[in-house]
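So you can see what is in the structure, the chains are spelled out below.
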Amino acid sequence: MLLALLVSGLVVALVVIGLFVFGLRRRLIQRSGGTFDCSMRWGVAEEPDISGKGWVYGVARYSGDRIEWFRVFSYSPRPRRLLERSSIEVLARRAPEGEEELALLSDAVVLGCLHRGTRLELAMSEDALTGFLAWLEAAPPGQRVNVA
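What you see is a predicted model; the values in this text were computed from it and never measured.

Calculation rules
- Residues numbered from 1 in each chain as written.
- Predicted model: local features only at pLDDT ≥ 70, side-chain atom pairs only at ≥ 80, totals over all residues.
- Heavy atoms only, no water.
- UniProt positions renumbered as here; feature names shortened; annotations may be inferred.
- Helix = DSSP H or I, 4+ residues; strand = E, 2+ residues; numbered from the N terminus.
- Contact = heavy atoms within 4.5 Å.
- Disulfide = S-S within 2.5 Å.
- Buried < 20%, exposed > 50% of the residue type's maximum accessible area, 1.4 Å probe, protein only.

Colleague: Would you mind going over the UniProt feature "transmembrane region" (unreviewed entry) in the protein chain in detail, with residue names and values included?
Modeller: Following the UniProt record, the feature "transmembrane region" (unreviewed entry) maps to residues 6–24 here. Secondary structure within residues 6–24 divides into 100% helix and 0% strand; the distance between the first and last C-alpha atoms comes to 27 Å.

Colleague: Break down the environment of G112 for me, citing the residues and quoting the values.
Modeller: Among the structural elements, G112 can be located in strand β7 (residues 108–115). For G112 and A123, which are 11 residues apart along the polypeptide, the C-alpha to C-alpha distance reads 8.9 Å. Not counting residues within four places of it along the chain, the set of residues in contact with G112 comprises E89, V90, L91, A92, L120 and E121.

Colleague: Explain the state of the cysteines to me, using residue names and the numbers behind them.
Modeller: Scanning all chains against the criterion turns up 0 disulfides. Left unpaired, C38 is separated from the closest cysteine sulfur, that of C113, by 8.8 Å.

Colleague: Mind laying out unusual backbone geometry, listing which residues take part and the relevant values?
Modeller: With glycine set apart, most residues show a phi of negative sign, and most peptide bonds adopt trans. If you check the backbone angles, R116 has positive phi at about 55° while not being a glycine. Note that R116 resides in the loop between β7 and β8 (118–125). Using a relative accessible area of 56% as the deciding quantity, one classes R116 as exposed.

Structural data, given as structure tokens:
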């Protein structure tokens, strides 16, 4: 009985510590500012896939001329993807359809992009999208920017 109680207490403590680390990691990512919630789907086909599969919830952070994208449900302190401003080409903008509406945040807008030959989709709020497009268009002189 004592052993079962000890094991149960240990499991609860590990779950609490795990949740605390998730929160601390997100806080550290957001500490420098310039972050926004952004789901990503990497390596998509040309035709929109409305099944809702492949979306990964994350947090994006502006860092100079690139965006660092972090998975929310990860312990890694390093970004999962780096998107350079000069390599991002915006292809299309659309509202989530079908099962995508369940996989994404309620006010999300889906942005179809091309980054170094790889098709990807970013889903973010309308406010975050406005900031993202402004950041893309604010490229230093001499850099090409492709915004549809």
